[in-house]
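Each chain, written out:
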Amino acid sequence: MKNINYEILENISEIRNYNNNIIKDIENIIKESDIYKKFKLIYDIYYKMDNKQDDYFSKINHKFINEPQKLKYKYDITNTNDPSGLNDIFEVFISYKDNKEYIVSKNINYNLDIYNLLDNKKILSLEGHKNTISTIRYFINYKDYNEYLISADYNKIVIIWDITNNYIIKHKINTNYKDYIYSCLLVFPHNQKENYIITSTYYNDDHSVKIYSMNNGNFIKNIDNKKDSQIKYLLLWNNKKNNKYYIIQICNWKVLINNLMEDEIYTQLISENEGKHNSAFLYYIKNNDYLCCSSNNGYIDIWDLYNKKIYKVINTNKCVLMHIIEWNNKYSIVADLLNNSFKIIDLEKVECILDIGGQHKNVRCVKKIYHPKFGESLLSCGKDNTIKLWCI
């Protein structure tokens, strides 16, 4: 250790390659010198960064283990004042920026209100939309840990809010659809430099899906579908077998899966049920990817994506199933508009095992969150304009 190169201490990446024993030796040799202070400062910064990442990922990767049948109504969090829209009519997220949980809802003035989930206090109101907001979604770019909200309105305007930089507007795009935007995505492919904004409209349009550059906001291309597609919801699927990204379009009676940037149609899945699809989620079991879709006649279609065929069909009987989420690989939760409730679906037994209601009118949207006080929790929203908290 006598010939140690002190310049190495200026290079953070090289410091991280030292094991603990070497670091202790270095500290013993130079603990009285000025360079020790520099080293200590750099080391402390990295230690805090590592702890921040560990805390964040422990929350967002928390595997829900409790049975959702135990969910009980706790209290109302906020009033949305505007329950219009189909699926993502509010959003909830854990921010990497400060490791806190937030909920985002829209108000009657066309703004986005952001609440701290710990104490339900509004901390910010985002102004930028001039008409009813139809969808709100949260995304994080794991390449640089920048966070964003994307929201769209009845004026066919999409706004990307940069959470990392104090919620400034990064892009404001006029999609020029014939009707309002039903769903949108932000896509950050790990194997590409370019990032993407994807939007869709429900009503008949020659260009139902549009792709824009997240880097500069410029239009890139259309994904042209038949006019009978009527897209309800968008999802992104990373096919692990070919390492390609696909846009999943949840349409009325079918599912369209297109390659993100190549002119390739992966498959078209046709439902045998007469109901119209409303929402969907992806989940992974036994080295396979599945797509779970809700519909307005009580059926849930589960598709095997690699084999491009139906895997299971669940009939919940005389329901209008709206937004659907995965609770864990065993259970799903779906909003039931008709029966003013949400349903617990056992994905293994292929049946509805519990209907929880009595607090809402026309439940439209459900979201799960690891609550800072109550742990594994659910948020729901209906046409009674309230967002309610359910805890185990």
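That block above? That's the structure.
K.L.:
An account of the packing of aromatic side chains is requested, with residue identities and associated values reported.
P.N.:
In the structure shown here, the tally under the stated rule is 19 aromatic pairs. Geometrically, the ring pair formed by Phe64 and Trp327 is edge-to-face, given 4.8 Å between the ring centres and 90° between the ring planes. With Phe64 in the loop between helix H3 (34–60) and strand S1 (72–79) and Trp327 in the loop between strand S22 (321–326) and strand S23 (331–336), this pair connects stretches of sequence that are 263 residues apart. Pair check on accessibility: Phe64 and Trp327 agree, each one buried. Measuring from ring centre to ring centre gives 4.9 Å for Phe342 and Trp390, while their planes differ by 85°; the resulting arrangement is edge-to-face. Of the two residues, Phe342 sits in strand S24 (residues 341–346) while Trp390 sits in strand S28 (residues 386–391), which places them 48 residues apart along the sequence. As far as burial versus exposure is concerned, Phe342 and Trp390 are alike and both buried. One aromatic cluster is present, built from ring pairs that chain together Trp237, Tyr246, Tyr266 and Tyr306. Residue placement shows Lys241 over the ring face of Tyr306; its charged tip is 4.2 Å from the ring centre. Above the face of the Tyr266 ring, Lys308 is positioned so that its terminal group lies 4.3 Å from the ring centre.

K.L.:
For the pattern of salt bridges, give the residues involved together with the corresponding values.
P.N.:
Applying the stated criterion across every chain, the model contains 11 salt bridges. The partner of Asp88 in a salt bridge is Arg137, and the shortest N-O contact between them spans 3.4 Å. Here Asp88 is found in the loop between S1 and strand S2 (91–94), whereas its partner Arg137 is found in strand S6 (residues 133–141), with 49 residues between them in sequence. The class for Arg137 is buried, based on a relative accessible area of 8%. Among the ionic pairs, Lys244 bridges to Glu262, the shortest N-O distance being 3.7 Å. Remark: Glu262 occurs in the loop between strand S16 (254–259) and strand S17 (265–270) and Lys244 occurs in strand S15 (residues 244–251); sequence separation between them is 18 residues.

K.L.:
Before we move on, could you go through the sheet that holds strand S13 (residues 219–223) and cite the residues and values that matter?
P.N.:
Pairing is antiparallel across the open sheet formed by four strands, whose spatial order is S10-S11-S12-S13. Looking at strand neighbours, the two that pair on one side only are strand S10 (181–187) and S13, the edges of this open sheet. Between one strand axis and the next, the sheet turns through 20° on average, direction left out of account. As judged from the four bridges shared by strand S12 (residues 209–213) and S13, these two strands associate in the antiparallel manner. Bridging across to S13, Ile211 finds its partner in Lys221.

Rules used in this analysis
- Residues numbered from 1 in each chain as written.
- Predicted model: local features only at pLDDT ≥ 70, side-chain atom pairs only at ≥ 80, totals over all residues.
- Heavy atoms only, no water.
- Phe/Tyr/Trp six-rings, centres within 6.5 Å; stacked < 30°, edge-to-face > 60°.
- Helix = DSSP H or I, 4+ residues; strand = E, 2+ residues; numbered from the N terminus.
- Buried < 20%, exposed > 50% of the residue type's maximum accessible area, 1.4 Å probe, protein only.
- Lys NZ or Arg CZ within 6 Å of the ring centre and 35° of its normal.
- Salt bridge = Lys/Arg side-chain N within 4 Å of Asp/Glu carboxyl O.
- Pairing = 2+ DSSP bridges.
- Axes fitted to C-alpha atoms, helices over the stretch in contact; angles between N-to-C directions.

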